[in-house]
Amino acid sequence: MKETPLTKHGISRRSFLGLGATAAVIAGAGLAGCSPAAKETGSASGGSASAGSAAASTGTASFLVAPDPIADSDIAETIDAEIVVVGAGISGISAVRSAVENGAKNIVVVEKGTTWQYRSNQVGCIGGKIQKDLGIEIDKNAVVAQLMKECGYRPNQRILNLWAENSGEAFDWFLAPSEGKYVVEAESDPYDGESMSVRKMHWPHPDTANVADDYYPIFDDCQICLPDNGPYIEAMVKICEDAGVTFMYSTFARQLVRPDNTGRVEGVIVEDMDGNYKRINASKAVLLATGDYASNLEMMEHYVPWAARFMSIFPNTDAKGEMTNTGDGQQMGMWIGAKMEDGPHAPMTHHLGGPLGVDAFLLTDVYGNRIMNEDVGGQPLQNQISRAPKKQVWQIFDSKWTEQIGYMDTGHGNVNWYVESGSEVPNGSYGKNAYISLENNEDGNTPGFTSYFEGANALGKTADSIAELAEQMGVDAATLQATIDRYNELAAKGHDDDFGKRADRLFPIEEGPFYAYPLTDTVILVNMGGLETDVDFNVLDTEDEPIEGLYAVGNTQGGRFLVDYPLPAPGISHGMAITHGMLVGRVLAGL
């Protein structure tokens with residue numbers, strides 16, 4: 001198999017979300033139904049015994065107890081730098097590139113993986129050349145307002161505004177080093193699985209979708225960078241390397257240097273694979289870009305206990321083979337006096353639905369009762385599944401689904417276009433594709449409709465009568481029939497008196513064969529919760545004062561997403577990493 005940026009990192013596109021043809025049929029939605037795997041409780045400390053014993057004696061979570069400072073006598077080497085960036089993911093690399101392009105010198109990047117890190121292929125922005133060429137205009141204030149609403153008005157709106165106001169410029173900037181290597185194509189265009197292609201996600205919409213009336217608005221901000229974000233980031237890494245940036249891979253940041261937890265942060269102490277400690281002095285700043293903490297079970301149980309059960313599918317691993325998103329930056333920051341943002345923190349657990357994604361078909365509980373307005377995105381859907389009996393719902397529809405999906409929403413996890421052949425379903429998809437055929441597509445990343453209902457691993461049920469369907473589902477036939485009769489009555493009336501779903505997505509279930517697919521718990525990719533910063537990315541202490549010399553970006557930064565991970569702007573996490581990385585790089589260069 002030809003090496004691609006993902007396989008170079010030991011990751012396949014199929015394994016990224018566990019949604020290959022067979023896995024998706026087994027899972028239904030991102031490994032749904034699998035038992036949660038035990039997460040490792042990661043620590044940046046280097047394994048201080050006193051920290052663990054102190055936590056045990058006080059009942060305090062161990063990660064909240066600062067380890068003993070690593071002694072000067074244990075330092076094998078001292079390195080002098082102006083700027084130290086901890087984390088070589090998309091936000092850290094963006095920050096370093098921006099800094100060197102704005103005149104910064106003597107930068108050291110510390111990364112515990114064997115090389116730089118990335119995942120996925122989606123980037124959300126407002127504006128930029130691609131959207132301009134397509135005639136797409138997005139109201140940035142409307143996007144930010146919806147983000148604030150879906151996050152319970154807890155984020156720092158000024159930090160969201162930084163993305164909204166600068167992300168179009170940032171995405172063009174992100175693509176610039178790869179100019180001439182990629183082509184801009186339509187999402188539906190054929191794809192060879194290897195070349196660089198940038199496409200507008202879920203565009204164009206079916207004329208029947210009528211997204212203007214969406215209950216949960218979804219904006220056309222997302223682009224797909226094929227084959228994935230890797231080659232585009234690789235071009236940025238080369239800029240950094242050519243500028244003389246030092247990359248220290250397979251190196252673990254253990255502690256920040258801030259004597260007596262007062263004054264400025266002076267640097268960071270790291271540990272190599274041989275157990276040698278090195279002190280890297282930072283005369284200007286340390287930037288924490290270490291990601292989130294979803295693979296740290298103790299942090300998950302402390303901050304989001306309701307989400308600790310979700311299986312982490314984060315694909316990136318460090319030089320020791322452990323997942324990299326263990327909250328290292330958050331922990332090191334708190335140990336020297338930084339403030340972790342107030343919660344509730346936001347797990348990224350948006351469901352990708354069943355064979356027809358999260359399209360607004362009838363949903364019942366395990367007893368056959370309708371439970372909700374089905375016209376919602378994957379995060380609200382998972383929230384309802386979490387509260388449903390047995391943590392399972394059934395998605396039910398009839399043989400006319402091929403005509404009905406064009407009326408559904410057009411966001412992440414929606415399916416909108418039926419095509420006759422699997423060869424017409426675009427390759428290169430992550431998760432749910434906007435296109436579906438009865439057969440698998442060519443690269444196997446988009447299972448065909450039939451595979452959800454036929455074969456040894458198929459979980460879907462299909463029958464020519466509702467009574468037969470109920471029997472296969474293990475549901476009382478009279479209850480299911482009554483639910484469907486009521487649903488059909490509301491569809492004929494053109495008004496959902498029971499749950500308020502819009503009429504043009506309220507389709508009767510009348511013509512067999514009939515289908516039912518079980519939706520159970522999804523998985524978690526990352527958990528949003530970080531250190532408080534000001535709008536210049538300067539980390540704040542517990543008294544809300546800036547800590548001189550310490551900055552945070554990406555998922556290590558707080559103030560962005562809270563309560564639930566919001567879905568109105570698909571790709572915003574990566575878009576924000578690039579945008580905020582570009583902006584904080586300029587800040588660092590100006591110090």
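Here the structure is shown first, and the text comes after it.
The notes below deal with the structure included here. (Residues numbered from 1 in each chain as written. Predicted model: local features only at pLDDT ≥ 70, side-chain atom pairs only at ≥ 80, totals over all residues. Heavy atoms only, no water.)

**Observations regarding the sheet that holds strand E12 (residues 362-364)**
Read from one edge to the other, the open sheet built from four strands follows the order E12-E13-E17-E16, with strand pairing classed as antiparallel. The open sheet terminates on both sides in strands that have one partner only, identified here as E12 and strand E16 (461-463). Adjacent strand axes in the sheet meet at a mean angle of 25 degrees, parallel and antiparallel pairs treated alike. As defined by bridge partners, E12 adjoins strand E13 (residues 392-397) across three bridges and the pair is classed as antiparallel. Bridging across to E13, Leu363 finds its partner in Gln395. The strands touched by helix H12 (residues 378-387) within the sheet are E12, E13 and strand E17 (514-520), with E17 carrying the most contacts at an inclination of about 80 degrees. Those strands touched by helix H14 (residues 466-473) are E12, E13, E16 and E17, and its axis lies near 155 degrees from that of E16. (Pairing = 2+ DSSP bridges. Helix = DSSP H or I, 4+ residues; strand = E, 2+ residues; numbered from the N terminus. Axes fitted to C-alpha atoms, helices over the stretch in contact; angles between N-to-C directions. Contact = heavy atoms within 4.5 Å.)

**Some details on the pattern of salt bridges**
A complete count under the given rule lists 24 salt bridges for this structure. Residue Asp328 pairs with Lys112 through a salt bridge whose shortest N-O separation is 2.8 Å. Highlighted residues: Asp328 in helix H11 (residues 328-335) and Lys112 in the loop between strand E2 (107-110) and strand E3 (122-124), separated in sequence by 216 residues. With respect to burial, Asp328 and Lys112 carry one shared label: buried. (Salt bridge = Lys/Arg side-chain N within 4 Å of Asp/Glu carboxyl O. Buried < 20%, exposed > 50% of the residue type's maximum accessible area, 1.4 Å probe, protein only.)

**Some thoughts on the packing of aromatic side chains**
Within this structure, the stated rule accounts for 21 aromatic pairs. Centre to centre, the rings of Tyr293 and Tyr303 are 5.6 Å apart; their planes meet at 50 degrees, and the pair counts as tilted. Separated by ten residues along the polypeptide, Tyr293 in the loop between strand E10 (277-288) and helix H10 (297-303) and Tyr303 in helix H10 bring together distant segments of the chain. One exposure class covers both Tyr293 and Tyr303, and it is buried. With 5.5 Å between their ring centres and 70 degrees between their planes, Tyr407 and Phe507 make a pair best called edge-to-face. Of the two residues, Tyr407 is situated in the loop between helix H13 (401-404) and strand E14 (417-418) and Phe507 in the loop between helix H15 (477-493) and E17; the sequence distance between them amounts to 100 residues. Among the aromatic residues, ring-to-ring pairing joins Phe361, Phe397, Trp401, Tyr418, Phe449, Tyr452, Phe453, Tyr515 and Tyr517 into one connected group. Cation over ring: Arg97 sits above Trp173, and NZ or CZ is 3.8 Å from the ring centre. Stacked on the ring of Phe252, the Lys or Arg Lys320 has its end atom at 4.7 Å from the ring centre. (Phe/Tyr/Trp six-rings, centres within 6.5 Å; stacked < 30°, edge-to-face > 60°. Lys NZ or Arg CZ within 6 Å of the ring centre and 35° of its normal.)

**Details of unusual backbone geometry**
Cis geometry marks the peptide bond from Trp203 to Pro204, where omega comes out at -5 degrees. In this structure, Asn210 is a non-glycine residue whose phi angle is positive, near 50 degrees. Positive phi, normally seen in glycine, also occurs at Lys391, with a value near 50 degrees. Among the secondary structure elements, Lys391 is positioned in the loop between H12 and E13.

**Quick look at the environment of Ile436**
Within the secondary structure, Ile436 is located in strand E15 (residues 435-436). Taking C-alpha positions, Ile436 is 6.5 Å from Gly448, a pair spaced twelve residues apart along the chain. Residues within four places of Ile436 in sequence aside, it is in contact with Pro355, Leu356, Trp401, Ile405, Val415, Trp417, Tyr418, Val419, Val425, Pro447 and Phe449.

**Concerning the packing of helix H7 (residues 140-150) against helix H8 (residues 157-175)**
Two elements in contact, H7 and H8, have axes separated by 10 Å at closest approach and are oriented at 140 degrees. Relative to H8, the element H7 is oriented oblique. Both H7 and H8 take part in a crossing whose hand is right-handed. Side by side, H7 and H8 meet where Lys140, Val143, Val144, Leu147 and Met148 of the first sit next to Gln157, Leu160, Asn161, Trp163, Ala164 and Glu165 of the second. Among the residues forming the contact of H7 with H8, the class breakdown is seven nonpolar, two polar and two charged. (Parallel < 35°, antiparallel > 145°, perpendicular 65-115°, else oblique. Left-handed = near helix turned anticlockwise from the far one by under 90°. Nonpolar A, V, L, I, M, F, W, Y, C, P; charged D, E, K, R; others polar.)

**Description of the nonpolar core**
Judged by nonpolar contacts, the single largest core of 47 residues is most densely connected at Ile107, Phe171, Phe174 and Leu175. Residue assignment for this core shows that the elements contributing at least two residues are strand E1 (75-86), helix H5 (90-101), E2, H8, strand E5 (196-200), helix H9 (230-242), E10 and helix H16 (572-589). The element best represented in this core is H16, accounting for seven residues. (Core = buried A, V, L, I, M, F, W, Y, C linked by side-chain atoms within 4.5 Å.)

**Description of the environment of Gly343**
Following the sequence through the fold, Gly343 ends up in the loop between H11 and strand E11 (346-347). Of the residues examined, Gly343 reaches a relative accessible area of 34% and is grouped as partly exposed. Sequence separation between Gly343 and Arg154 is 189 residues, and the spatial gap between their C-alpha atoms is 8.5 Å. When neighbours within four sequence positions are excluded, Gly343 is seen to be in contact with Arg154 and Leu562.

**A few points about the pairing of E10**
With ten of twelve residues buried, E10 is to be regarded as a mostly interior element. With ten bridges joining them, E1 and E10 adopt parallel strand pairing. In the sheet register, Ala81 faces E10, and the bridge partner there is Ala282. Of the pairings in the sheet, the one linking strand E9 (residues 267-271) to E10 comprises five bridges and is antiparallel in character. Note on E10: the bridge partner recorded for Val268 is Ile280. From the end of E9 to the start of E10, which pair antiparallel, there are five residues, and Gly275 there has a positive phi angle of about 85 degrees.

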